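The lines below spell out each chain.
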Amino acid sequence: MIFNKRFVPLCLVAALTAGATSVYAREKDEAPPIDQIIAKAIKADNIYDDIKRLSKQPRVSGTNAEDKAVKYIEKKFESFGLDTDVQAFQFKKYFGASEVSFSVDGSEIPSIALDYTANGDVTAELVYVGLGKPEDVEDVDLTGKIALIRRGDITFAEKLENAVKKGAVAAVIFNRQGAGDDDEPFGGTLGGADKGVAPVIGISYNAGQELVDRLEANEAVIANVKVEGSEVRTVTSHNVIATKPAKSDAPETDQIVIIGAHHDSVDGAPGANDDASGTATTLELARIMAKMPTDTEIRFITFGAEEDGLVGSYEYVDSLSRDELGKIVAMFQLDMVGSRDAGDLKMFTVDGNPNNVTDYAGEAAERFDWEVPYGQEGRSDHVPFYEASVPAALFIHDPVEPWYHTPEDTIDKISKEKLMQVATIVASAAYNIADPNTPALPERTIKKAKVKKSDIKLFDKEKPEE
Ligand code: BES
Ligand code: ZN
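Each chain carries its own residue numbering, running from 1 in the direction its sequence is written. As they are written, the chains are lettered A onward and the ligands numbered 1 onward, keeping that order. Totals for whole chains, interfaces and linings use every residue, but because this is a predicted model, local features are given only for residues with pLDDT of at least 70 and side-chain atom pairs only at 80 or more, for both listing and counting. The side-chain quantities take in all heavy atoms of the structure and omit both hydrogens and water.

A.B. asks: It is not clear to me how the overall build of the protein chain should be interpreted in this structure. Could you clarify?
C.D. replies: Only DSSP runs of H or I with at least four residues qualify as helices, and only runs of E with at least two residues qualify as strands; both kinds are numbered from the N terminus onward. From N to C terminus, the protein chain includes 13 helices and 16 strands. Relative to its full complement of 466 residues, the protein chain shows a buried share of 56%. The contact definition used throughout considers only heavy atoms, calling two residues in contact when any of these lie within 4.5 Å. Of the contacts made within the protein chain by residues no fewer than 6 positions apart, 82% connect residues no fewer than 24 positions apart. Think of it in three bands: with a 1.4 Å probe and only protein chains considered, a residue is buried below 20% of the maximum accessible area for its type, exposed above 50%, and partly exposed in between.

A.B. asks: What should I look at first to understand the coordination of the zinc ion (ligand 2) in this one?
C.D. replies: Metal coordination here is assigned from N, O and S atoms located within 2.8 Å of the ion, or within 3.2 Å for Na, K and Ca; omission of water means that sites may look incomplete. In this structure, His262 (NE2), Asp274 (OD), Asp335 (OD) and Asp335 (OD) serve as the protein donors to the zinc ion (ligand 2), at separations of 1.9 to 2.6 Å. Any coordination sphere not matching a tetrahedral pattern (four donors, all angles between 85 and 135 degrees) or a square planar or octahedral pattern (four or six donors, opposite donors over 155 degrees apart, other angles between 65 and 115) is reported as irregular. In this structure, the zinc ion (ligand 2) is coordinated by six donor atoms arranged in irregular fashion, with angles at the metal of 52 to 163°. Read from N- to C-terminus, the donor residues coordinating the zinc ion (ligand 2) fall into the pattern H-x11-D-x60-D. Highlighted residues: His262 in strand E11 (residues 256-262) and Asp335 in the loop between strand E13 (328-334) and strand E14 (344-349), separated in sequence by 73 residues. Taken individually, His262 and Asp335 each receive the classification buried, so the pair is uniform in this respect.

A.B. asks: When you look at the nonpolar core in this model, what are you seeing that I'm missing?
C.D. replies: Most often, soluble globular proteins keep nonpolar side chains buried together rather than apart. To qualify as a nonpolar core, a set must consist of buried Ala, Val, Leu, Ile, Met, Phe, Trp, Tyr and Cys residues joined through side-chain atoms within 4.5 Å. Ranked by size, the top nonpolar core spans 59 residues in total, and within it Ile51, Phe77, Ile259, Met289, Phe300, Phe332 and Phe395 carry the most contacts. If you tally residues by element for this core, the top one is helix H13 (residues 416-434), at eleven residues. Leu148, Ala170, Val212 and Val225 belong to the second largest nonpolar core, which has 23 residues in total.

A.B. asks: Teacher, can you tell me more about the environment of Thr189 here?
C.D. replies: You can see Thr189 is positioned in the loop between strand E7 (170-174) and strand E8 (200-203). Residues Thr189 and Val200, eleven residues apart in the sequence, show an inter-C-alpha distance of 9.9 Å.

A.B. asks: Even after reading the chapter, I still don't get the packing of helix H8 (residues 272-289) against H13, so can you show me in this structure?
C.D. replies: Helix-helix packing: each pair is described by the crossing angle between the helix axes and the interaxial distance. Angles shown run from 0 to 180 degrees and are taken between the N-to-C directions of axes, each axis being a line fitted to C-alpha atoms and, for helices, limited to the stretch in contact. Across the interface, H8 lies against H13 with an axial gap of 10 Å and an inter-helix angle of 45°. The orientation of H8 with respect to H13, classified from their angle, is oblique. The hand of the H8/H13 crossing is right-handed. Across from Ser277, Thr281, Leu285, Ile288 and Met289 in H8, the residues of H13 making contact are Leu419, Ala423, Val426, Ala427, Ala430 and Tyr431. Here the residues of the contact of H8 with H13 are counted per class, giving nine nonpolar, two polar and no charged. An angle below 35 degrees is read as roughly parallel, one above 145 as roughly antiparallel, one from 65 to 115 as roughly perpendicular, and any other as oblique. Note on convention: the crossing is left-handed when the near helix lies turned anticlockwise from the far helix by less than a right angle, right-handed when the turn is clockwise. The nonpolar class holds Ala, Val, Leu, Ile, Met, Phe, Trp, Tyr, Cys and Pro. Asp, Glu, Lys and Arg form the charged class, and all remaining residues, Gly among them, are polar.

A.B. asks: Please clarify how the site of ligand 1 should be interpreted in this entry.
C.D. replies: Distances are taken per atom, and a residue is near a molecule or strand as soon as one of its heavy atoms is within 4 Å of it. Near ligand 1, the surroundings consist of 15 residues, among which Glu306, Asp335, Arg379, Tyr404 and His405 are the closest. Between Glu306 and ligand 1, the recorded distance is 2.8 Å, taken from a side-chain N or O atom to an oxygen atom. Coverage of ligand 1 by the protein chains reaches 94% of its 510 Å² of free accessible surface. Here a polar contact is taken to be a pair of N or O atoms separated by no more than 3.5 Å, where protein atoms must pair a possible hydrogen donor with a possible acceptor and residues adjacent in sequence count only if both atoms sit in side chains. Here the accessible surface of atoms and residues is derived via Shrake-Rupley with a 1.4 Å probe, and residues count as covered only by protein chains that are part of the display.

A.B. asks: I keep staring at H8 and nothing clicks. Help me out?
C.D. replies: Owing to its 3.6 residues per turn, the α-helix aligns residues three or four sequence positions apart on the same side. To estimate how far a helix should reach, multiply one less than its number of residues by 1.5 Å. With 18 residues, H8 should cover 26 Å at 1.5 Å per step; its first-to-last C-alpha distance of 24 Å lies within 8% of that length. Taking burial as the measure, the 18 residues of H8 include 17 buried ones, the bulk of the element.

A.B. asks: I keep staring at the pattern of salt bridges and nothing clicks. Help me out?
C.D. replies: Should their charged atoms come close, side chains of opposite charge can pair. A pairing counts as a salt bridge when a side-chain nitrogen of Lys or Arg comes within 4 Å of a carboxyl oxygen of Asp or Glu. Evaluation of the coordinates by the stated rule reveals 20 salt bridges. Between Asp254 and Lys327 there is a salt bridge whose closest N-O contact spans 3.4 Å. One end of the pair, Asp254, is in the loop between strand E10 (231-244) and E11; the other, Lys327, is in helix H10 (residues 322-327), with 73 residues separating them in the sequence. Classification of Lys327 by relative accessible area gives partly exposed; the value is 24%. A salt bridge links Lys327 to Asp323; its shortest N-O distance comes to 4.0 Å. Here Lys327 and its partner Asp323 are both found in helix H10, four residues apart, which amounts to about one turn of the helix. Connected through salt bridges with shared partners, the residues Glu99, Lys226 and Glu228 form a single ionic network.

As structure tokens, then:
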């Protein structure tokens, strides 16, 4: 067991209970166990109120709404007496098409523009080229034509490229049978700005199959594909970094613990749970820990542009020296930690293996009679840390709620109980590491090279799909 049972210095009790009435009716010289003190100090109402405030509108990275959230977070960290930095960074952000249409003989067929599609307005004959593999287009002259392609086997970008090489001016990809609702259009991504060599849209399986039938009956089909507003623009986003220095009577460990979340949200979603919940919990943990004696530095960070491919966390990790990276012994990422409609709390590491974070949090949970299993998942800001050999894990409820990335991700779905549990576990685990009474963690060698920066980060779901 990592945690040593012992009594806590009275100064710590004072730091945490300042202003409070006599919550701890104990003997004068006997303090309650530290976990109890921490649990009492956390106020679910504070977290809830911050989520409410942050989720009044979507906080899309690079917009005024993000700037507003960043200022709020910065002020709040400063009000706890923490040294606070705002790290601005620029990146190329993709803005989806504002208008898309597909019509055949003047009648509209529902369609979705693929991410990174080129814009255009073309009317031409439709030609069916199966899966759109090189051998499918080899003997077909697509000059000036629109290619109709079946989903599957190769990436959307490869299909488009193969068709364009043979002269196609646009591509229409129809869904695989049973890959979704056969009557609904589907969306996807080409995976990068350089892949948008012509307009490309997704339509339903049934709509596509009907067109194939007509073409195979030798009917000439004239179609119009129109895409507008798809573009890549350079925008500025921010990370907010609040540092609580190591300060106690004990010698410093020269180690760093990070507690993080992302403050941005996707377009159209207020992001109460994703991830105002993690941001507000990080703020509350900063509040209760700001004055605690620790022999280890604690950094509270909210990242920007997570939803654009973990851009802020890559930027932050990239800004640290190898020496500094080597000092980080644990990175706790809080993302989607308050939904009443999601499953139980889990910890996810990128490789699926336990590490300092899952060990300490697992033990903290046990001390409160909770069980928090770990598993394997990327998809959040713990990934760049993992890639830089830092022990990191994502705290999230699994399965996720149905409101994920929708306009329904609002404050009324937030559970104070869920917030309280994750806040308690993470605070207790982080303090256990930073506690002057616990030894420093063993030194760790950095096995991997520091992560490399690229203009547009691709990860997981952004990976081109076939
Ligand atoms: N909060 C989610 C991460 C998430 C969602 C993890 C559901 C596990 C289950 C995060 O904000 C997100 O949406 N991430 C993106 C990936 C990112 C690299 C753009 C995603 O999962 O699509
Ligand atoms: Zn998220």
